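One letter stands for each residue in the lines below.
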Amino acid sequence: MGSLQENFSAVRARILAACARAGRDPAEVRLIWVSKNHPREKAVEALSLGARYFGENRVQEALEKFPLPGVPADGPGYELHFIGRMQKNKIRKVLPLASAIHSVDSLELLEAVDRIAGEMGLRRDVFLQVNTSREAAKGGFEPEALPTALAHLPPLPHCRIVGLMTMGPIETPSGAPAGPEKARACFRELKCLLRTVKDGAVPGGPLRDMAWLSMGMSGDFEVAIEEGAHFVRVGTALFGARGTQG
């Protein structure tokens, strides 16, 4: 791997190429820099390169790394998105730091986030995680059950449901690593689900702002973009192999 700047240039070129293949405007695609197990100095360097969105999937690491040091109050802004599995007892720690949560995987968690955000005087964006690969190791709504589950949502004054999130398959049925093309069906299904949910949404209801797809990581973000991703969550391709922080 090269320097962070070189890696960013390579990732950006791959994003532009994927958008060109799909006939999409590159401005539609937002890059989330996932700095898991890399020091906060790397995140600060990413900010200097123009990073706008950061992603963390461990609560403790997010607390240790953010807010970013050395960033003046009137300097370039950034958003932290929490992308890991959320435990209810961690919600109060995450909400002050993260403007969006990509991993809301149940109605119970969604209602807890809304309630606690209200108690803290906050309003946060959320993505609903869908298990399109149908792997037992992953959390998320089952795709077939999602439209029914969302049909009778209560008002959620402190959450803005902005879209859906998924991950490609970890491995094939034979146990071999899944390549990027194996993820295409998962990404395509999520796009169809978003359209179905939006078409059935009550005007002015809690699903009125659903518009975005969060899908694609270092190994498959180009396929995700070709299938309509608006947020891609990229770590290794930017920061290099993950070691043990500290």
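Anything mentioned here points back to the structure above.
Residues numbered from 1 in each chain as written. Predicted model: local features only at pLDDT ≥ 70, side-chain atom pairs only at ≥ 80, totals over all residues. Heavy atoms only, no water.

A. Focus on helix H2 (residues 40-48). All of the buried residues in H2 are Ala43, Ala46 and Leu47. Along the axis of H2, the buried residues cluster in a sector spanning 100 degrees; they form a single face. Residues of H2 that are exposed and point over 90 degrees away from its buried face: Glu41 and Ser48. Looking one or two residues past H2, Gly50 carries a phi angle of roughly 110 degrees, positive in sign. (Buried < 20%, exposed > 50% of the residue type's maximum accessible area, 1.4 Å probe, protein only. Helix = DSSP H or I, 4+ residues; strand = E, 2+ residues; numbered from the N terminus. Arc of directions from axis to C-beta.)

B. Layout of the pattern of salt bridges. For the structure on display, the rule yields 18 salt bridges. With its nearest N and O atoms 3.0 Å apart, the salt bridge here joins Glu56 to Lys65. In this structure, Arg184 engages Glu226 in a salt bridge whose closest nitrogen and oxygen atoms are separated by 2.8 Å. With Arg184 in helix H7 (residues 180-199) and Glu226 in helix H8 (residues 221-226), this residue pair connects regions lying 42 residues apart in the sequence. Among the residues examined, Arg184 registers a relative accessible area of 17% and is labelled buried. By relative accessible area, which is 24% here, Glu226 ends up partly exposed. Each of Arg21, Glu181, Arg184, Arg188, Glu226 and Glu227 takes part in one network of salt bridges that share partners. (Salt bridge = Lys/Arg side-chain N within 4 Å of Asp/Glu carboxyl O.)

C. Structural context of the environment of Gly168. Here Gly168 is to be found in the loop between strand S6 (159-165) and H7. For the pair Gly168 and Leu128, spaced 40 residues apart in the sequence, the C-alpha separation amounts to 15 Å. Contacts of Gly168, omitting those with residues within four sequence positions, involve Ser133, Glu135, Lys138, Ala183, Phe187 and Asp220. (Contact = heavy atoms within 4.5 Å.)

D. Main features of the pairing of strand S8 (residues 231-234). Side chains of S8 alternate between two faces, with Phe231 and Arg233 and Val232 and Val234 buried alike. Sheet topology note: the strand S1 (residues 30-34)/S8 ladder contains 4 bridges and is parallel. What sits directly across from Trp33, in S8, is Val234. (Pairing = 2+ DSSP bridges.)

E. Molecular detail of the layout of surface pockets. There is about 410 Å³ of room inside the largest pocket. Every residue lining the largest pocket is counted, 18 residues in all, and those nearest its centre are Asn57, Ile83, Gly84, Met167 and Met217. Grouping the constituent residues of the lining of the largest pocket by class yields 6 nonpolar, 7 polar and 5 charged. (1 Å grid on protein atoms, 1.4 Å probe; cavity = no way out; pocket = protein on both sides within 12 Å on 5 of 7 lines; lining within 4 Å. Points joined across faces, edges and corners; volume = space filled by probe spheres on them. Nonpolar A, V, L, I, M, F, W, Y, C, P; charged D, E, K, R; others polar.)

F. Molecular detail of the packing of aromatic side chains. The tally for this structure, following the rule as stated, stands at 8 aromatic pairs. Measuring from centroid to centroid gives 5.9 Å for Phe66 and Tyr78, while their planes differ by 50 degrees, and the two rings are tilted. Residue Phe66 is found in the loop between helix H3 (59-65) and strand S3 (79-82), and its partner Tyr78 is found in the loop between H3 and S3; the two are separated by 12 residues along the sequence. Look at Tyr78 and you get partly exposed, because its relative accessible area is 23%. Following the ring pairs from residue to residue traces out a cluster consisting of Tyr53, Phe127, Trp212 and Phe231. (Phe/Tyr/Trp six-rings, centres within 6.5 Å; stacked < 30°, edge-to-face > 60°.)

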